[in-house]
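# A look at the structure
Listed here are the chains, written in short residue letters.
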Amino acid sequence: MTSRRPRKGKSAGPPVQNGQLKLVIIIASDADADRLMKALIEQGYPATKISSTGGFLHRGNATIISGVEANEVEQVLAMVRAECHARTEYVPVQTLPFFGEGATPSEPVEVRVGGAIVFVVSVERFEKT
Ligand code: 2BA
């Protein structure tokens, strides 16, 4: 994979417009997100990690946002696929939001954990002040 570094001259100049800039929003488990952050920064991609919480499992996860050029999105997605692996886990049904609607308390429920949820959105305007 080709490295993107160094990111010279990005802090100056006019705002980027016309959809050339994409915001990649990645929701991942904390462990996967730490590795992904390290990989992104090593490869020269800007990234911000925000602590977040999954609505279903109520577990802490991480949301990474990375603003990149449109032609860099696929490289970022490749890194996400390399670092974030989905697996299944059994969780006690009592911890889930639907507990009480006919579920048997003793039955653990299989859920997908890890992996990543990714949104790619066009950025209307980017400005650094
Ligand atoms: P959670 O909402 O805590 O969901 C954790 C995992 O539980 C999900 O993994 C999914 O496998 C399962 N799950 C979620 N809702 C379910 C339901 N109604 N019934 C059965 N199983 C359910 P992922 O799909 O990989 O999602 C991981 C985390 O990504 C989510 O954590 C949430 O924080 C975020 N996420 C997923 N889809 C999203 C979306 N469309 N918009 C915003 N955030 C999303």
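This text gives an overview of the structure that appears in the document. (Residues numbered from 1 in each chain as written. Predicted model: local features only at pLDDT ≥ 70, side-chain atom pairs only at ≥ 80, totals over all residues.)

## Some points on the site of the ligand
Neighbouring residues of the ligand: Ile27, Gly54, Gly55, Phe56, Leu57, Arg59, Asn61, Val111, Arg112, Gly115 and Ile117. Counted by class, the shell around the ligand contains five nonpolar, four polar and two charged residues. (Near = placed C-beta within 6 Å. Nonpolar A, V, L, I, M, F, W, Y, C, P; charged D, E, K, R; others polar.)

## With respect to the pairing of strand β4 (residues 86–91)
Of all the six residues making up β4, zero are buried; the element is thus mostly uncovered. Here six bridges tie β4 to strand β5 (residues 109–114), and the two strands are oriented antiparallel to one another. Each residue of the ladder has a partner; that of Tyr90, found in β5, is Glu110. (Buried ≥ 20, exposed ≤ 12 C-beta atoms within 10 Å, placed from the backbone. Helix = DSSP H or I, 4+ residues; strand = E, 2+ residues; numbered from the N terminus. Pairing = 2+ DSSP bridges.)

## Focus on the packing of helix α1 (residues 30–42) against helix α2 (residues 73–83)
Two numbers describe how α1 lies on α2: the axes approach to 9 Å, and their chain directions differ by 140°. Taken as axis vectors, α1 and α2 run oblique relative to one another. For the crossing formed where α1 meets α2, the hand is right-handed. The residues of α2 that touch α1, namely those facing Asp32, Arg35, Leu36, Ala39 and Leu40, are Met79, Val80 and Glu83. By residue class, the composition of the contact of α1 with α2 is five nonpolar, no polar and three charged. (Axes fitted to C-alpha atoms, helices over the stretch in contact; angles between N-to-C directions. Parallel < 35°, antiparallel > 145°, perpendicular 65-115°, else oblique. Left-handed = near helix turned anticlockwise from the far one by under 90°. Contact = placed C-beta atoms within 7 Å.)

## What to know about the sheet that holds strand β6 (residues 116–122)
Strand order across the open sheet formed by four strands is β2-β3-β1-β6, with antiparallel pairing between neighbours. Across the chains shown, the open sheet's two edge strands, defined by having one partner strand only, are β2 (48–53) and β6. For this sheet the average axis-to-axis angle between neighbouring strands, irrespective of direction, equals 20°. Here seven bridges tie strand β1 (residues 21–28) to β6, and the two strands are oriented antiparallel to one another. Its bridge partner lying in β6, Val24 is registered against Val120. Contacting β1, β2, β3 (60–69) and β6, α1 crosses the sheet at an angle of about 25° to β3.

Bear in mind that shape data such as this cannot, by itself, settle questions of function.
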